[in-house]
Every structure is written in structure tokens, then in C-alpha cells.
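Observations on chain architecture
One letter stands for each residue in the lines below.
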Amino acid sequence: MITVNFSSKVDEARLSQILAEIRSDAMGGWLDLPKRVDMAELVRIKEAAKKINDESEYLVCIGIGGSYLGHRAIIEALRPKGETKIIYAGNSLSRRELDRALEKVGDHDFSINVISKSGTTLEPAIAFEEFKKKLVEKYGAEDAKTRIYATTDANKGTLHDEAVANGYMRFVVPDNIGGRYSVLTAVGLLPLAVAGVDVEKLLEGASEAFDTVAGPASEYASMRYTLGSRGYDTEVFASFEPSTLYFNEWLKQLFGESEGKNKQGIFPASVIYSTDLHSLGQFMQDGRRNLFETVINFPTDEMNQKVVAAVMKAHTAGNIPVLAITVPSFDEKGFGELVYFFELACAISAKMFGVNPFDQPGVEAYKTELKQLLAN
């Protein structure tokens, strides 16, 4: 079970109200997801993963934001020895990066998992067209269709319509679960299964968290809110395993998009120790005191545990509020617990700040400006 090394008084009545608000929200479907796994869908996911493993050396995962960060975080951390390697594309507009992904696939056998609710987001749409063209050149138009897996809206949208028209195997982005909360849906489970992650153990960890983490998650959310109210406007997520770099990236999206509204929220940043102690360590120890630190502690090896203890002692002595979250295991179950813990804590925290955890209106401003520039 995930544990925390701090205590914060939680208003039980307010917490019950917040949980009721989340549960009734149109985008609150992730809350009880670990307890209502669609077993038929899970079987389809595992069958599709086997087909991809049998046919392809690479699976190109095309998506941006919540469509790729969550499952990439777990794959990069666990580094499973799957039969098929995962390549990511469509998460930037860099032509150089797209060309590198195309070159990496080269003449190898490959399949595509395009992940997009609408199919109109520019970055993945461009990458999908390029890799689809490569599929057709290699396998022909009809066989190419059998190598495309579309994770998209159940009933509508550009990608949905294309998938139906061409007979792509389809998986659903649930209507009531937003991208950054979707890693435990087909959005994450298909790539994870292809990569060799035991998705059943991942879901088991999330299910156990559903039963156990409401207290720790609400304490963490309450502590964040208290610190934010006292002028601590930056949170530094600190992990001690380099392979968790993308988990930090997922956390930054989760908290940044969920909380950063109406001039509210805490700015999320991250470090990997001990590496970043030799670059940001000076600032952390002696810089501005507008930040607090959330240590994510996996019990991996003895040396890392000594680094964790040293960092917490030094930074606490340097007047940095340090919150520590201990994860029981560095495996699928541990990450299943951790994903659910942070999803719940983030939603509660955003509600405490008085903002909607599930929309991202500020992102649309950039999209509008870009569309106008491209139209000129």
C-alpha cells in the first residue's frame, strides 16, 4: 500500500462532497474504473497485442499528451522485455523528429496504434498520414489496413469515421474519461500489453489502490492546498530512478492541465536524483523558498535509499517542505497503485483550488492561434 510521511487534517465532510462531485462529473469515469474493468475489452486488447507481436518488430504509437505520456511512463520505467519495440510519433511538430521515427522503422515490419479522441489534433494527424503512407508502400493498401489499430471515440469523429470506413481494429477512448486520466483504459493498455507489461497486474494494483488510497491521497491534496495558500507556488516531483523520467512528465501534465486555471494552481516541475543534485542541487538547497518537494520513493536498492534519506534531511534543514510518498514495489502493481493515487489526489486538489480538474481551455488558445497562422 502507498504510504505518506506527513499528515494533514482533512475535512471529512468536504472530502465526501468532493468525491461525490467527481463521481457525478461527466468526466469522472476513471474514479471507479479499476473496479469495473471490461473483461471482454481486456481480452480483445490482449489478442490484438499478440497479433502485433506476431507480425511486427515495431509498434508506432501516435498520440500527444494523455494519449501517450501515461503508457510511455510505465514502459520506460519497467523496461519490459516485450517482443515488439515501441516507437513514439505525433507528439511534436518537429519534422526532424518525425523523420527520425520513420528512419528507425526503416524496412522493419511494423504496425500503428493511432490514439486520438477526435483525430483532428494536428501533431498526431500529420504523423499518422506519414506512417500510413509508409504502411501502404510496404504492404499494399488492403494489408496496411490490418496493421492499423485506432483508439478513438466510440461513435464519432474524423478518426472514428476513417477507422469504420477502412475496417481498422478499433478500441474506445471512453466519453467520461479525459486523456490525462486514461492510462488504465485501452489508451494505455494496448501499447503496454504489446510492450510486455503485465496489464492484469497493473489493473490489480489500481484496484487495490481504489480500496486503500483515499486517505493518503486526500492528505496529500490537502497538504498541497495548504502549502499553495502559504505562497509555495511550485512543486518539484523528485524521483530517484532515471527510468522514471517520463512518469515525471505524466505528473506534470496531470497536475498542470488539471489545476492551472483561473490563475490558480501549483506549477509542477521535476527532478531525477541523484543526477540533478549536481545541476539543480544548489538551487534546491539555497534558492528561493517558493517551492516544496514531493519525493516519490521506490524501495529499489540500498544506495538509493541512502540518497533519499540524505536529500530529505538536507532539504528539510534548508527549509523546504518535503512530502514523501513511498511506493510498495517497482513493478506493475506498484505503478498501478501510483497512477490511481496521483489521479485521485490531483482531482481532489484541483477541486480544493476551486477549478475543474477535467477540462483544459487554455490549450485551445494555442490551437486557435496556430490554425490562424497556418491558414495565412
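Residues numbered from 1 in each chain as written. Predicted model: local features only at pLDDT ≥ 70, side-chain atom pairs only at ≥ 80, totals over all residues. Heavy atoms only, no water.

So, the sheet that holds strand E7 (residues 234-239)
As summarised here, the arrangement of the 5 strands in space is E1-E10-E9-E7-E8, forming an open sheet in which the pairing is mixed. Looking along the sheet, the strands with just one partner apiece sit at the ends: strand E1 (3-4) and strand E8 (267-272). Taken together, the 2 bridges between E1 and strand E10 (residues 322-326) define a ladder with antiparallel strand orientation. Bridge pairing links Val4 to Ile325 in E10. Strand contacts of helix H11 (residues 245-259): E7, E8 and strand E9 (291-297), with the helix running at about 170° to E8, the strand carrying the most contacts. Set on the sheet, helix H13 (residues 302-317) makes contact with E9 and E10; between it and E9 the angle comes to about 165°. (Pairing = 2+ DSSP bridges. Helix = DSSP H or I, 4+ residues; strand = E, 2+ residues; numbered from the N terminus. Contact = heavy atoms within 4.5 Å. Axes fitted to C-alpha atoms, helices over the stretch in contact; angles between N-to-C directions.)

Description of the side chain of Glu293
Within the secondary structure, Glu293 is located in strand E9. Put simply, Glu293 is tucked away with no salt bridge, and the nearest opposite charge, on Arg289, sits 8.5 Å away. At a separation of 2.7 Å, a polar atom in the side chain of Glu293 contacts the side chain of His315. In this structure, Glu293 is in contact with Val236, Ala238, Tyr273, Met284, Val311, His315, Ile320, Pro321, Val322 and Leu323, ignoring residues within four places of it in sequence. (Buried < 20%, exposed > 50% of the residue type's maximum accessible area, 1.4 Å probe, protein only. Lys, Arg positive; Asp, Glu negative; His and termini not counted. Salt bridge = Lys/Arg side-chain N within 4 Å of Asp/Glu carboxyl O. Polar contact = N/O pair within 3.5 Å; in protein donor to acceptor, adjacent residues only side chain to side chain.)

Quick look at the packing of aromatic side chains
By the definition in use, this model includes 25 aromatic pairs. Between Phe110 and Phe131, the aromatic rings sit 6.3 Å apart at their centres with planes inclined by 70°, giving edge-to-face as the arrangement. Of this pair, Phe110 sits in strand E4 (residues 110-115) while Phe131 sits in helix H5 (residues 122-139), placing them 21 residues apart in sequence. No difference in accessibility class separates Phe110 from Phe131, as the two residues are buried. For the pair Tyr225 and Phe353, a centre-to-centre distance of 5.1 Å together with 70° between the ring planes defines the contact as edge-to-face. (Phe/Tyr/Trp six-rings, centres within 6.5 Å; stacked < 30°, edge-to-face > 60°.)

Section: the layout of surface pockets
Estimates place the volume of the largest pocket at around 730 Å³. Of all the secondary-structure elements, those providing two or more residues to the lining of the largest pocket are H5, H11 and helix H15 (361-375). The dominant element in the lining of the largest pocket, judged by the number of residues it contributes, is H15, at 4 residues. Here the residues of the lining of the largest pocket are counted per class, giving 11 nonpolar, 11 polar and 8 charged. Roughly 390 Å³ of volume is contained in the second largest pocket. Contributing elements (two or more residues each) for the lining of the second largest pocket: strand E3 (85-89), helix H4 (95-105) and H5. Looking at the lining of the second largest pocket, the element that brings in the most residues is H4, giving 6 residues. (1 Å grid on protein atoms, 1.4 Å probe; cavity = no way out; pocket = protein on both sides within 12 Å on 5 of 7 lines; lining within 4 Å. Points joined across faces, edges and corners; volume = space filled by probe spheres on them. Nonpolar A, V, L, I, M, F, W, Y, C, P; charged D, E, K, R; others polar.)

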